[in-house]
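Survey of secondary and tertiary structure
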Amino acid sequence: MTTATLDRSAAPPAPEAPAGGGRKKMVLILVVVAVAAAAGWWFLLRPTASAEPVPGEVMTLEPIQVNLADGHYLRVGIALQLSAEAHEADGSKALDATIDLFSGVDRTELTKAGQRQELKRRLEEELHDDYHGDVLEVYFTEFVTQ
């Protein structure tokens, strides 16, 4: 009966499951889900660029005189380009900001190349903040120094 005993060590080994096969499948599924989620966000939920504000009416303010340095003065008139969404704007903030900006400026500073444009840019920034984005641009309707 010695020959009838089965030798288990001589039997061919059972095939093993490939190592990491389930793991690879899981990673592939996660990658596909991540790509699908990113594509969905890109086409459906991503923030869009805000549209440029549409210009509305131009509000012209009465010219004012501002004291400059060394006894000189500036007579300045401004007009405000309002956005289409702007409701009735009060010009007092614009006039106050104009007085603050130009008061005490030397007359020779106003004649330098680009200085007037720089002051205009600063005034536009100030009014954009003061009017919560309702003022898009500022125009000088009068600009006389003496």
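Use the structure listed above.
Residues numbered from 1 in each chain as written. Predicted model: local features only at pLDDT ≥ 70, side-chain atom pairs only at ≥ 80, totals over all residues. Heavy atoms only, no water.

This part is about the overall build of the protein. The secondary structure content of the protein amounts to 4 helices and 4 strands. Counted from the first residue to the last, the protein has its helices and strands arranged as α-β-β-β-α-α-α-β. Across the protein, contacts joining residues at least 24 apart in sequence account for 69% of those joining residues at least 6 apart. When the accessible surface of the protein is totalled, it reaches about 10,900 Å², and 57% of it is carbon and sulfur. (Helix = DSSP H or I, 4+ residues; strand = E, 2+ residues; numbered from the N terminus. Contact = heavy atoms within 4.5 Å. Areas by Shrake-Rupley, 256 points an atom, 1.4 Å probe, with all protein chains shown as cover.)

The next thing to look at is the pairing of strand 2 (residues 64–67). Along any regular strand the residues' side chains alternate between the sheet's two faces. With burial as the criterion, only one face of strand 2 is covered, namely that bearing Ile64 and Val66; the residues Gln65 and Asn67 on the opposite face remain uncovered. Here 4 bridges tie strand 2 to strand 3 (residues 73–83), and the two strands are oriented antiparallel to one another. Across the sheet, the residue bridging to Gln65 is Arg75, located in strand 3. With antiparallel pairing between neighbouring strands as the criterion, strand 2 and strand 3 make up a hairpin whose turn holds 5 residues, including Asp70 at a positive phi of roughly 60°. (Buried < 20%, exposed > 50% of the residue type's maximum accessible area, 1.4 Å probe, protein only. Pairing = 2+ DSSP bridges.)

Here we take up the pattern of salt bridges. If you walk through the whole model with that rule in mind, you get 4 salt bridges. For Arg75, the salt bridge is made with Glu142, and the minimal N-O distance between the two is 2.7 Å. Note that Arg75 is positioned in strand 3 and Glu142 in strand 4 (residues 135–145), a separation of 67 residues in sequence. When its relative accessible area of 25% is taken as the criterion, Glu142 is described as partly exposed. (Salt bridge = Lys/Arg side-chain N within 4 Å of Asp/Glu carboxyl O.)

This brings us to the nonpolar core. Core analysis: the biggest nonpolar cluster contains 25 residues, and Ile78, Leu80, Phe102, Leu110 and Leu127 have the highest contact counts within it. When residues of this core are traced back to their parent elements, those giving at least two are strand 2, strand 3, helix 2 (92–102), helix 4 (115–130) and strand 4. In terms of residue count, the dominant contributor to this core is strand 3 (5 residues). Residues in contact with Phe102, not counting those within four places in the same chain, are Val66, Asn67, Leu68, Leu74, Leu110, Leu119, Phe140 and Phe143. (Core = buried A, V, L, I, M, F, W, Y, C linked by side-chain atoms within 4.5 Å.)

This part takes up unusual backbone geometry. A positive phi is found at Asp70, a non-glycine position, where the angle reads about 60°. Looking at the element boundaries, Asp70 is found in the loop between strand 2 and strand 3. The phi angle at His132 is positive, at roughly 55°, despite the residue not being glycine. Within the secondary structure, His132 is located in the loop between helix 4 and strand 4.

Those residues of helix 2 not exposed but buried are Ala94, Ala97, Thr98, Leu101 and Phe102. Along helix 2, the residues classed as buried sweep out an arc of 115° about the axis, all on the same side. At its buried positions, helix 2 is contacted by strand 2, strand 3, helix 3 (107–111), helix 4 and strand 4. (Arc of directions from axis to C-beta.)

With that settled, consider the packing of aromatic side chains. This model, assessed by the stated rule, comprises 4 aromatic pairs. Taken together, a centroid distance of 5.9 Å and an interplanar angle of 70° make the contact between Phe102 and Phe143 edge-to-face. One end of the pair, Phe102, is in helix 2; the other, Phe143, is in strand 4, with 41 residues separating them in the sequence. Judged by centre distance (5.1 Å) and plane angle (50°), the ring pair of Phe140 and Phe143 falls under tilted. Residue class for Phe140 comes out partly exposed when judged on its relative accessible area of 21%. Here the aromatic cluster, defined as three or more aromatic residues joined through ring pairs, consists of Phe102, Phe140 and Phe143. The ring centre of Tyr131 lies 5.5 Å from the NZ or CZ of Lys93, which sits over that ring. (Phe/Tyr/Trp six-rings, centres within 6.5 Å; stacked < 30°, edge-to-face > 60°. Lys NZ or Arg CZ within 6 Å of the ring centre and 35° of its normal.)

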